[in-house]
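Spelled out, the chains give:
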Amino acid sequence: MSAGEETVLDARGQRCPLPVIRLARLVQDRPGVGVVVVLATDPAAAHDVPAWCRMRGHRFLEARVEDDHTAYVVEVATPSTAAAGR
């Protein structure tokens, strides 16, 4: 699941809200994860991932279109809590 300092979460083929649910679980289960790259094919992820970051105090870095999917890059705040961005 890791690629260098980034953790890759492959959610290709999964429909809303599964990519964000899996992202939330990964962040909860792996404190200090750092940067997560979510690979998704669901167009709703373009809205869902940045919105989840805003609500949870994480930083949405970018969205990159790659072949048949989009890679959403998230910098996870430490500590990973809803209050982290306040």
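The rules we used
- Residues numbered from 1 in each chain as written.
- Predicted model: local features only at pLDDT ≥ 70, side-chain atom pairs only at ≥ 80, totals over all residues.
- Heavy atoms only, no water.
- Helix = DSSP H or I, 4+ residues; strand = E, 2+ residues; numbered from the N terminus.
- Areas by Shrake-Rupley, 256 points an atom, 1.4 Å probe, with all protein chains shown as cover.
- Axes fitted to C-alpha atoms, helices over the stretch in contact; angles between N-to-C directions.
- Left-handed = near helix turned anticlockwise from the far one by under 90°.
- Contact = heavy atoms within 4.5 Å.
- Nonpolar A, V, L, I, M, F, W, Y, C, P; charged D, E, K, R; others polar.
- Salt bridge = Lys/Arg side-chain N within 4 Å of Asp/Glu carboxyl O.
- Buried < 20%, exposed > 50% of the residue type's maximum accessible area, 1.4 Å probe, protein only.

Student: Please clarify how the overall build of the protein should be interpreted in this entry.
Tutor: When you go through the protein residue by residue, the secondary structure sums to 2 helices and 5 strands. The N-to-C order of helical and strand elements in the protein reads β-β-α-β-α-β-β. Here the protein displays about 5100 Å² of accessible surface, and carbon together with sulfur accounts for 51% of that area.

Student: Can you help me understand the packing of helix α1 (residues 18–29) against helix α2 (residues 45–56) in this one?
Tutor: Two quantities define a packed helix pair, namely the angle between the axes and the distance from one axis to the other. Between α1 and α2, the least distance of the axes is 10 Å, while the angle of their chain directions is 35°. Crossing of α1 against α2: the hand is right-handed. In this structure, α1 contributes Val-20, Leu-23, Ala-24 and Val-27 to the contact, and α2 contributes Asp-48, Val-49 and Trp-52. The class makeup of the residues in the contact of α1 with α2 is 6 nonpolar, no polar and 1 charged.

Student: Can you walk me through the pattern of salt bridges in this structure?
Tutor: Oppositely charged side chains may form a pair once their charged atoms are brought near each other. Under the criterion given, the structure shown has 5 salt bridges. For Arg-64, the salt bridge goes to Glu-62, with nearest N and O atoms at 3.1 Å. You can call Glu-62 partly exposed: its relative accessible area is 34%. Across the pair Arg-64 and Glu-66 runs a salt bridge, and its minimum N-O distance is 3.0 Å.

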